[in-house]
Amino acid sequence: MSSDEVDTSAAVEVDRMADAVAEPGSPKSDPILVADSVKRSFGGLTAVDVNHLEVQRGTITALIGPNGAGKSTFFNLLTGFDRVDKGRWTFEGRPINGRRGHQVARAGMVRTFQLTKALTRMTVLDNMLLGAQGQLGERMVGAFLRPMWRSQEQANTERAMELLERFKLVDKRQDMAGSLSGGQRKLLEMARALMTDPSMIMLDEPMAGVNPALVQSLLQHITSLRDEGKTVLFVEHDMDVIMGISDWIVVLAQGGVIAEGRPSDIRSDQQVIDAYLGAQEVEGESGESGDE
Amino acid sequence: MDILMILAEAARSAVGPVAAIYALAAVGLNLHFGYTGLLNFGQVGFMLVGAYGVGISVAVFDLPVLVGFLVGLGCALVLALLLGIPTLRLRADYLAITTIAAAEVLRLVYRAGFAEPVTNGVYGLQNLSSGFREVNPFDAGGRYGFGAMTFTGNQMWLMTVTWGLVALFAVFTWMLIHSPWGRVIKGVREDEDAVRSLGKNVFAYKMQALVLGGLIGALAGAMLAVHQGAIQPDQFKPQVTFFLWVILLLGGAGRVFGPIIGSMAFWFLMNFTDGFLKGLGREGLLPFLEGPDYGAIQLAFVGLLLVLLIVFRPQGLIGDRKEMLINVK
């Protein structure tokens, strides 16, 4: 619907996927993230069982699927926020499976959350500064040596201000993050993630509960991230939103990858349509909502 | 009934040694709960190991009191690690359950028969303050102050050291909280997953805060030992922890001066209600009360005042109401 404008602009751009084949587990020319046989089950229910997945560097890859397909679980596994049963994955060539959440973030893969996690009783600027890496003043002993981290703090503040400017939050910098609206919190979370200077950004349903006008602005922000050379992987279940901006789409159903390809491939994939519509019919009957 | 006398007596206790000791322990609890969001319901356990560090070193092994302080701090460090390693990776409530139980277990172990050779069981340890009083610059027999606000030289010395420690750790807290380290700690209080996603080792930060607050609690316990000169296990009941929580919430959690103001206000209220009720009793206005009833009525009275405080000023005396409301939402 309202994603037409972005749709056309994406269409004229070059194909960033080189000559990747549209099939599950297809190899990419320059993968930043490679996952192999990742498995996670809760009791008897297998939530995630992904055989092979590669994410191309410098692209926007969307991870879609009906409710309960295991998107968020897979996301949590990759970012170290959940323990995997088995499987291994590498990020920029280094294995990062088994690493904890903060170690994954330090490696350059930062995530956001489906339910926005603004640190409500802290100012917007403090939220941002928390994202900066390698701060001397964050060590307990270092905390007392103000002269040692003052210049670093200043540099971080400048960088934070630039990002706040870009996300149009600069006027709010001294406000408590808890006083921001839902949409502003989404922007803050994205800006804060950028403060860590990541090479890959994982967005967990960035459009959930956001009004249409802000969806456009969020989509533009995501596109500009890619244009700066960052890799974006995001989970979403609204098909319309994704088609416009994604370079590549991975479709998850019942924990496994059932299809991969460019938006045009996915749109016409009968398997995807079946999985999506089939699952959504079931979902409609049981009246279930929410992911996983 | 001389209301002025009662007020003066209450004011005296608000600046006295006990208020100072509780303020110090609450400064530690403020680091735990006020800034890091750790639900420590066993601060009295840290006080106990601090007090017995002094007690056992001085009374049993005849060591200098300073060594006793170090032993107490060492025990608090071990206790914090033992509590933190299994629970800090889990949800916040696990720490709460573990700390309240651990503090009670410690009290029961220290009073148990098998521990008697070192702890002297239920009888406790005596003659603990001579080493501390030897270095007293005040005249031990002299009286300092004016009117009802007079203290002995020994009390002055203890108050100077304890309030000095309170001031020292208040500055310490202020410096920590106004640094990037403090920013991470406050972030952990708000949402630890968010902080983790930004590359911070949340477990390590929580552990540092637990150890630090525990050490301050142990110092308060050690000061209690030298203040009283004698300690028994049964004075370290969970009630002490709850007093500390009341002090923290009364003053304002997450404020550097919260625990200090809180402790002074709390001991003022405790002594004022006590004096007031006893005064009424002497006038024959409370014929239905027997001697031991006064203590119970007094606690209920303080409780009522605190309920009113929570209703009308949930952020505590010096807390920030705006912050409080954000949290509720």
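Residues numbered from 1 in each chain as written. Chains lettered and ligands numbered in written order. Predicted model: local features only at pLDDT ≥ 70, side-chain atom pairs only at ≥ 80, totals over all residues.

### Overview of the sheet that holds strand S5 (residues 94–95) of chain A
Residues and elements named next belong to chain A.
Then, in step 1: With antiparallel pairing, four strands are arranged side by side in an open sheet as S2-S1-S4-S5. Each edge of the open sheet is held by one strand with a lone partner, namely strand S2 (45–56) and S5.
Then, in step 2: Pairing analysis gives five bridges linking strand S1 (residues 31–42) to strand S4 (residues 86–91), with the strands arranged antiparallel. When the bridges of S4 are listed, Val34 appears paired with Thr90. (Pairing = 2+ DSSP bridges. Helix = DSSP H or I, 4+ residues; strand = E, 2+ residues; numbered from the N terminus.)

### Considerations on the confidence of the model for chain A
All names here are of chain A.
Then, in step 1: Confidence in the prediction of chain A, expressed as mean pLDDT, is 85, and 89% of residues score 70 or more.
Then, in step 2: The element-level mean pLDDT for chain A is lowest in helix H1 (residues 4–12), coming to 45, with helix H4 (residues 124–129) highest at 95.
Then, in step 3: Every residue in residues 1–12 is under pLDDT 50, and counting partners more than four places away or in other chains gives 13 contacts.
Then, in step 4: Low pLDDT (under 50) marks residues 281–292, which in the prediction has eleven contacts with non-local residues, meaning those over four places away or in another chain. (pLDDT = per-residue confidence, 0-100. Contact = placed C-beta atoms within 7 Å.)

### Section: the pairing of strand S3 (residues 60–64) of chain A
Residues and elements named next belong to chain A.
Then, in step 1: The buried fraction of S3 is high, at five of five residues.
Then, in step 2: Judged by which residues are buried, S3 turns out to be covered on both faces: Ile60, Ala62 and Ile64 on one side and Thr61 and Leu63 on the other are all buried.
Then, in step 3: Pairing analysis gives four bridges linking S3 to strand S8 (residues 231–235), with the strands arranged parallel. Counted as the bridge partner of Ile60 is Val232 from S8. (Buried ≥ 20, exposed ≤ 12 C-beta atoms within 10 Å, placed from the backbone.)

### Notes on the interface of chain A and chain B
Then, in step 1: Residue-level contacts link 30 residues of chain A with 27 residues of chain B.
Then, in step 2: When contributions to the side of chain A that touches chain B are tallied by element, the ones reaching two or more residues are helix H3 (101–107), strand S6 (109–111), H4 and helix H5 (146–166) of chain A.
Then, in step 3: The element contributing the most residues to the side of chain A that touches chain B is H3 of chain A, with four residues.
Then, in step 4: A breakdown of the residues in the side of chain A that touches chain B according to their chemical character gives eleven nonpolar, ten polar and nine charged. (Nonpolar A, V, L, I, M, F, W, Y, C, P; charged D, E, K, R; others polar.)

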